[in-house]
Every structure is written in structure tokens, then in C-alpha cells.
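Inside the fold
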Amino acid sequence: MATDLEDIVGHMRRFAWPDYLVFVSMLMLCILIGVYFGFVQRKPNTESEYLMGGRTMLVFPIALSLIASFISGITLLGLPTEVYSFGIQYVYVALGVTLMGFVMGFIYLPVFHKLNITSTYEYLESRFDRRLRMFGSIMFTIMNIGYLPIVIYVPALAFNQVTGVNIHVITPIVCIVCVFYTCVGGLKAVVWTDVVQTFSMFGALVLVAVKGTIDLGGSDVVFRSAWNTGRLERPNFDINPTTRHTIWSQLIGGFVYWLQTNAVSQNMIQRYLSLPSVAAGRRALWIFVFGVCLLMSLCSYCGLLIYATYQNCDPLTTKLARAKDQLLPLFVMDILRDLPGLPGLFVAGVFSAALSSLSTCLNSMSAVILEDFVKPFVSKPLSQRTINWIMRSVVVGVGALCAALVFVVEKMGTVLQLTMSLEAITNGPLLGTFTLGILVPWVESRSALTGGIVGVIFMSWLSLKAQYWVATGTIVFPHKPMSVDGCTYEFDRSLINATTTSVYTTDDIFPLFRVSYMWYTFLGASVTILVSLICSALIFGRNDPKTVSPDLMAGFVRRYIHGPDCALKGNQHRAIASGSNTNGKTLHESAL
């Protein structure tokens, strides 16, 4: 057996032609689905058909699309590394996901579905004014442009680990494929490629879990090694918010994070609104909750499996895995390299997760740019040809920009915590703004806008400063026990105790910067809501709740404000809004 580290790396990079065939077949299938919905299926080439699937989509494919859209390669590769390094404490976030399902299904989803909107941020104009709509749209655009390069970069790492192909060679190819089928086929192509990609993701993880377990001699070996090293652990009930993961951060912080990304983000809500009814949306929501929890469980088991396999020779310490998020691909090539085609199936699964997230964001960006940045600022109605040109140009332009930004992302660290931390800059304030609109009808637009801006400034300061302390090595999260005593190959042993040094210590850091990243979205939403309420009480004054259309409020709020006849009042508001559409007024303007 090879004894040099470089020889081991080269030995594992045995991506044969059957593997390339499986990988290319997945990309070709995505292209064919785009061609079918773009050229073969005879449907009107309208904005509603392209962005919303005619609002007649089926529950099961939409549910699978939601799963595929949310579970990117960041989760697929980052979560096994998280469990390998820190244990299963993160996995208790499934409690927050379940709570999110109840809250979204009964408070947020009915409001958006009743309004029959295309862009989620149309709600902010109807409830407040155009300034809030632009605020929401700009925050969404910034978040997506920052998030998508990470989505592309992560699977490129996996491909690099198993083939040695430079990440800047594979990322443009994958982006071109994704841009093509999204541009040509619209929402339907995105959804049905997501269906294929969801099965590919599940298949890849099940394959790895089954083969790895068999090689070790059974799941009891996996769980025993995890229990002995504290990776398989009970919930941590510590109330200290600076503890990285506790049951409270996963339940409350996880609930708020998932509520924002699923209940008010255009990327996800656009799929719910493509269904014909609220009941259909709720069914898709619960399939999504179950599917996501199952997928996270599979990823977590793979993390425990990797540890049981490498417990005596940590590949992160020896640099056999050059980046933390290459750990799962390394494991896959170790157990599957002698089975032609199966490594290709795994890589196809990882790229499926990336393609689904990328295509979803591109389709949503085309909706937001058209509805929020173009239509409100043109004096004449756009022709269908112009609308089609704008939607497809956005897909191409954003796709090219994100591929270029991969050069920036590769300079960053572990992606799971990094992504959630940076997303909170916009996610928390956006959730706070929507929550004010739906639940607090006496807050008016100036108060909400002030709260949103303060929330973004506060979260930018907190998140970027905290990431700086992490990058300098001042904030360090202790890993679970690891060992290199059983390594059978040579490596640079000076790496064992190598750490990033800092002139500061943890005690020098302001405590707020040490708060767990799981609380970031919660903090952003809380600051936004609190500042808005203070401005409403002390500066700008209260809004008269009865001037707000019942359709813009949660059911229990509108019954409290408008009484038992709120449904009739909602119909009257809709009739007024419908009658004024020709004058270009919003629902909010009509109500006033």
C-alpha cells in the first residue's frame, strides 16, 4: 500500500469513464427537461407560465422541488463534516423545522396565497408602501448574489477531490447547463429537474450509508464509536447563548432561520404560490418538512460513519482532505473507488443539490427583477416579448456573475456556519418586516422601514465582526476527540498542533460577537421589530389597523381587528383593489 500522502491522494482519484458517464448523463437529463418544457410542450409563453407554472402545479413535484431547492451542496457536504467534527447537536434543529411547519402553514402561507402575487415583496408595497417593497427586493438580491457562488463552489470542491479537475473548470460548465434549462423551460423545467435531482440526492446518500456500514460490519459499530467520543449526544440544555449549539438555539434560533428561508423568501414561496390552493400548499409544506428531516438524518449518519471509519487517522489533520467540506467526497472515493459508476452517482447527487438551489434562485431572481425593479418604473405596459427578454436576460446575467464570484468564495472557510451567518444580515430584518406586516397592523411604513434599515446595519456589524474573529483564530470552537495514531501513511506531523494564532483572546471579544450563529436571524428579526415598535410609539405614530385590508393580516389578527365579518370586508377591499388596477394603484392605496 502507498505510504506517502500524495500517493494516497492520487490513488483515490480514480474517477473512471463510467463515473463521468453517470455525471454527464445527469447534466444531459436536465438539459432535455428544459428543452421539453421550452420547445416541445405547447403552452402559452406568458409571464405566469414561465414564473409560476400557470399556478396549476402538482403537490408532490413542488414538495420535492422545495426539498431540492433548500438542501444545497452546502448541507449535503457541510452537515456530515459538522457531525464528524462537533457531534449531532446541530441535528436537533429538526425540532425548529417542525415548529416552522405549523407557524408557516397557519399564519404566513394563507396570507400570501390569497393575494395571488408573483413577487413576495409585492406584499410589502400593499401593506406598507413602495419603499418597503424596494427594501425587501434589494435585500433579497444582495443575499442571493452572496449565496449562489457558495452553492456553486461546494460541489466543485467534491468534484476536485475525486477527479483533480480544477474548480474553475467545472463551475462554468455546470452554470451554463443550469442557466440553459432555467432560461428555456421556466418554473416547470426547474421543478421537474428538481424532482430528478431530489431522487439523485437521496440515492447518493443511501448508497454511501449502506456501503460504508457494510464495510464497517454494521451500524452498531458506527453508533458505539460515536457514543464513546461524545458525538452521539443528548440535547444540550445550556442557556448560555454563546454556546455554539444548544437545544434552545436549535429550537428557537433554528425555527426563526427556517421560517425566514421558507415562509417569506421568494426562492421558496414562489413554489407554494404555484399551487392552486392553500390546502395544496400545506400538503407540500409537510412533505417538505418530512423530506428535509430525513435528508438531514442521512447526512448526519454519514458524518458518524466517516468518523467510525477514520477514528484512528483523521484526514483533516493529515490534510488527506485538503478542505473540511471535501471530507465526504474523500470517504466516498475510499469506499466506492473499486465500483465503477458509483462515485459518479454520488458526485451527480451533490451537483444535483447545487443545480436545484441555483436554478431556483435564478428563476426567483427573474421574478423579483421583473416585478419589483422594472414594472413599477415603466410608464407603459410591457409587451410579452419584452417581458420574456427581461426574464431570460436576468437568468443569464446572474448566472454569469455568480460563476465569477466563485473566485472570492474559495478564499473563505467552512461553508455551513459561514452561509447561515452571512444570510442573517438580510434574512433577519426581512422576516421582521414581513412579521410586522402580518401580525402588527398598527405599525406604519416609516417605522417598518426604519426598523429594517437598523436591523441590516446591526446584523452587518455583528455578523461580519464575528466572522473576522473566527477567521483570525480568536474565536475557536473545540472539536470532538480526533486521533492520527493509526495512520498507515506519512504526513507532515507538524500539522498536528498547528493553529492560527491571534494577539487577542476570547475574553477580549465583546460578548455579543461570541453569540452562536444560530441566533443571528432571531436577533436580526428582533431588532427590526423592536425598533419599529419604538418608532411607532415615540416618533411616527400608530397606524389605524382598520385601514389595513383584512387580506394582509393573519387570520386571528384580522378577526380581532375587523370582527367576525372580516371575510366580507376582505372581499370589499379586493373589489376596490381590482377596480383600481387599471389606474396602477396598489391594494394599500385603494384601501386608504
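Since the model is a prediction, treat every value here as computed from it, not as a measurement.

Inspection of every chain in the model, using the stated rule, returns 1 disulfide. Paired by a disulfide, Cys-313 and Cys-487 hold their sulfur atoms 1.9 Å apart. Judged by the sign of its S-S torsion, about 100 degrees, the bond between Cys-313 and Cys-487 is right-handed. Remark: Cys-487 occurs in the loop between helix 19 (445–471) and helix 20 (520–538) and Cys-313 occurs in the loop between helix 13 (278–310) and helix 14 (315–318); sequence separation between them is 174 residues. With relative accessibility at 11%, the residue Cys-313 sits in the buried group.

This brings us to the environment of Tyr-257. Within the secondary structure layout, Tyr-257 lies in helix 11 (residues 247–264). Once the C-alpha coordinates of Tyr-257 and Val-93 are considered, the two residues, 164 residues apart in sequence, prove to be 10.0 Å apart.

Residues of the protein chain with pLDDT of at least 70 account for 86%, and the chain-wide mean is 82. Looking across the protein chain, the model is least confident in helix 23 (residues 587–591), with a mean pLDDT of 38, and most confident in helix 20, with 94.

Because an α-helix completes one turn every 3.6 residues, residues spaced three or four positions apart along the sequence face the same direction. When helix 21 (residues 555–562) is considered as a whole, its buried residues turn out to be Gly-555, Val-557, Arg-558, Ile-561 and His-562. One side of helix 21 holds all its buried residues, which, seen down the axis, span an arc of 160 degrees. Facing away from the buried side of helix 21 by over 90 degrees, the exposed positions are Arg-559 and Tyr-560. Looking at the residues trailing helix 21, positive phi occurs at Gly-563, about 85 degrees.

So, about the pattern of salt bridges. If you walk through the whole model with that rule in mind, you get 10 salt bridges. A salt bridge links Lys-480 to Glu-233; the shortest N-O distance between them is 3.3 Å. Linking Lys-480 in the loop between helix 19 and helix 20 with Glu-233 in the loop between helix 10 (219–228) and helix 11, this pair joins segments that are 247 residues apart in sequence. Three or more residues joined by partner-sharing salt bridges are found here, namely Glu-125, Arg-130, Arg-133 and Asp-372.

Another aspect to go through is the environment of Tyr-181. Along the chain, the position of Tyr-181 falls in helix 9 (residues 167–216). The class for Tyr-181 is buried, based on a relative accessible area of 0%. It is 4.1 Å that separates the C-alpha atoms of Tyr-181 and Gly-34, two residues lying 147 residues apart in sequence. Those residues in contact with Tyr-181 that lie beyond four places of it in its chain are Cys-30, Gly-34, Gly-186, Ala-189, Val-190, Thr-193, Gln-197, Leu-355 and Ser-359.

A few words on the packing of aromatic side chains. Applying the stated criterion across every chain, the model contains 14 aromatic pairs. Ring geometry for Tyr-121 against Phe-434: centres 5.9 Å apart, planes inclined by 50 degrees, an arrangement best described as tilted. One end of the pair, Tyr-121, is in the loop between helix 6 (93–115) and helix 7 (122–127); the other, Phe-434, is in helix 18 (residues 415–439), with 313 residues separating them in the sequence. Given a relative accessible area of 1%, Tyr-121 falls into the buried group.

With that settled, the discussion passes to the side chain of Thr-435. Relative to the helices and strands, Thr-435 is located in helix 18. With a relative accessible area of 13%, Thr-435 lands in the buried category. Non-local contacts of Thr-435, meaning those with residues more than four positions away in its chain, are made with Tyr-108, Val-440 and Ile-529.

The rules behind the values
- Residues numbered from 1 in each chain as written.
- Predicted model: local features only at pLDDT ≥ 70, side-chain atom pairs only at ≥ 80, totals over all residues.
- Heavy atoms only, no water.
- Disulfide = S-S within 2.5 Å.
- Helix = DSSP H or I, 4+ residues; strand = E, 2+ residues; numbered from the N terminus.
- Buried < 20%, exposed > 50% of the residue type's maximum accessible area, 1.4 Å probe, protein only.
- pLDDT = per-residue confidence, 0-100.
- Arc of directions from axis to C-beta.
- Salt bridge = Lys/Arg side-chain N within 4 Å of Asp/Glu carboxyl O.
- Contact = heavy atoms within 4.5 Å.
- Phe/Tyr/Trp six-rings, centres within 6.5 Å; stacked < 30°, edge-to-face > 60°.

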